[in-house]
Amino acid sequence: MKAAAPRNIRIVQLLASLKYGDGIGNDCLAIYRTLKEAGYDTAIYSGNIDDRILERGLQDVKALDKYHDDADILICHIGYRWDYMRKLDRMRGKKILVWHNITPPDLLEEYGDFETASGCRIGLEQLREIKQMPSLCLTSSSYNKRDLEKLGYTCPIHIFPHLAEFSDETEEDFDRELFSRYTSDGCTNILFVGRIVPNKRQQDIIASFYHYHTFINSHSRLFIVGGGDEESAYCRAIKAYPHSLKLDSVIFTGHVSDRQKASYYRLADVFLCMSAHEGFCVPLLEAMHYKVPIVACDSSAVTETLGGAGLIVRMRNVAVVAEAIDRIVTDRKLRDTLVANGMERLADFAEDKVKSVLLKEISAFTQEI
């Protein structure tokens, strides 16, 4: 079934912050491109806009305070506290809520990040207050869908697979100097990609790597790719943790460019995810794309996103995790099977397939306008 052509429908996306390299921001931009290509009149309005996105020259990305309530459909992205949420119900246009999930506050309070925890708690309360507002909710996992149902949402809630855009790589798409720096010593490279925040549980990644490095393979290295708030107690503790273990094989890269990130994926022998909370976890798809086998802890939406394309550990036991890493590194047949499973799972998120799902959702939604 082919989606019907647009009929003079204006669709605007609203969100609190449009960040470069951020999952919500990437999703918003991918939806924008899909709607634009399909012929819809569309734009993005955000409370904050990363300068690196503005530098791309996107004329349809504008400040939220410039929105003039002229859209037929509002697509509202929710992933944190957003005081603007309370204005949405009074705005003209039918609403679609895209739910990216909000980190449970207790995961942040455990490490003293009370300010962010407060923002998450307020965000969840705001989300509960607007439960009658949307006519449709889209979300990337059944885990997220259950969250909305628990909050009292009764409108249709559809699973909308994450729109991952992976282009064919060329030699210019990765940092050759960085790649060469770490390929000459034959080290086994373990990788995690994600912000340094409590729900990602980088401490479990480091502890598991410590066991692997100390008792199984001393010729190994861990890359933790992603930035964090350098002033937060959690970020400071995580960066000090390897030193307390006398472990000098952990490399914190901070925020990296897309080319640098591609290099780290190319270097990786295993992708290790120990997150306690993920609404989807895009880096799992990135690991599949770069044919990196995955070890992950069974939690939140992680197992659902993997869909059988990785080794799942049911407990946070460092010895168990280290053995899982070793199995992948030493068992070529297992490694090849996991990579093949990853490519098969990635096909479920193929760009054309997901774009088709989105356009069918929008087409059906516009029939009611």
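These remarks concern the structure in this document. These figures come from a predicted structure and were not determined experimentally.

1. As for empty space enclosed by the protein
For the structure on display, the rule yields one cavity of 30 Å³ or more. Reported here for the largest cavity is a volume of approximately 40 Å³. Every residue lining the largest cavity is listed: Met288, Lys291, Val292, Pro293, Ile294, Ala309, Leu338, Val339 and Gly342. Looking at which element gives the most residues to the lining of the largest cavity, the answer is helix α14 (residues 332-346), with three residues.

2. Structural notes on the nonpolar core
It is characteristic of soluble globular proteins that their nonpolar side chains tend to be buried jointly. One finds Leu191, Phe271 and Val295 to be the most contacted residues of the largest nonpolar core, which totals 56 residues. Apart from the residues within four sequence positions on either side, Val295 is in contact with Val270, Phe271, Leu272, Cys273, Leu311, Val313, Val321, Ala324, Ile325 and Ile328. Counting residues in each nonpolar core, the second largest holds 30 residues, with Leu64, Ala71, Ile130 and Cys155 among its members.

3. Here's the deal with the pattern of salt bridges
A full pass over the atoms with the stated rule returns 20 salt bridges. With a closest N to O distance of 3.0 Å, Arg10 and Asp41 form a salt bridge. In this pair, Arg10 is assigned in strand β1 (residues 10-18) and Asp41 in strand β2 (residues 41-49), connecting sequence segments 31 residues apart. Across the salt bridge formed by Arg345 and Asp348, the nearest N and O atoms sit 2.9 Å from each other. Members of the salt-bridge network, linked through shared partners, are Arg10, Asp41 and Asp70.

4. A look at the packing of aromatic side chains
For the coordinates displayed, the defined rule picks out 10 aromatic pairs. Ring plane angle 20 degrees and centroid distance 5.5 Å describe the contact between Trp82 and Tyr84, whose orientation is recorded as stacked. The class of Tyr84 is buried, set by a relative accessible area of 16%. With a centroid separation of 5.0 Å and an interplanar angle of 75 degrees, the aromatic rings of Tyr182 and Phe223 are classed as edge-to-face.

5. Some details on the sheet that holds strand β12 (residues 294-297)
Taken in spatial order, the six strands of this open sheet run β10-β9-β8-β11-β12-β13, and their pairing is parallel. The open sheet has two edge strands, β10 (250-254) and β13 (311-313), and neither has a second partner. Across this sheet, the average inter-strand angle for adjacent strands is 20 degrees, counted without regard to direction. Relative to the sheet, helix α11 (residues 282-289) contacts β8 (188-193), β11 (270-273) and β12, its axis offset from that of β11 by approximately 170 degrees.

6. Details of the pairing of β10
When strand β9 (residues 220-225) meets β10, the two strands line up parallel, connected through four bridges. Residue Phe223 lies in a different strand from β10, and its bridge partner there is Ile251. As for the winding sense of the linkage, the β-α-β connection from β9 through helix α9 (residues 233-244) to β10 is right-handed.

Reading the values: the criteria
- Residues numbered from 1 in each chain as written.
- Predicted model: local features only at pLDDT ≥ 70, side-chain atom pairs only at ≥ 80, totals over all residues.
- Heavy atoms only, no water.
- 1 Å grid on protein atoms, 1.4 Å probe; cavity = no way out; pocket = protein on both sides within 12 Å on 5 of 7 lines; lining within 4 Å.
- Points joined across faces, edges and corners; volume = space filled by probe spheres on them.
- Helix = DSSP H or I, 4+ residues; strand = E, 2+ residues; numbered from the N terminus.
- Core = buried A, V, L, I, M, F, W, Y, C linked by side-chain atoms within 4.5 Å.
- Buried < 20%, exposed > 50% of the residue type's maximum accessible area, 1.4 Å probe, protein only.
- Contact = heavy atoms within 4.5 Å.
- Salt bridge = Lys/Arg side-chain N within 4 Å of Asp/Glu carboxyl O.
- Phe/Tyr/Trp six-rings, centres within 6.5 Å; stacked < 30°, edge-to-face > 60°.
- Pairing = 2+ DSSP bridges.
- Axes fitted to C-alpha atoms, helices over the stretch in contact; angles between N-to-C directions.
- Right-handed = clockwise from strand over helix to strand, strands pointing away.

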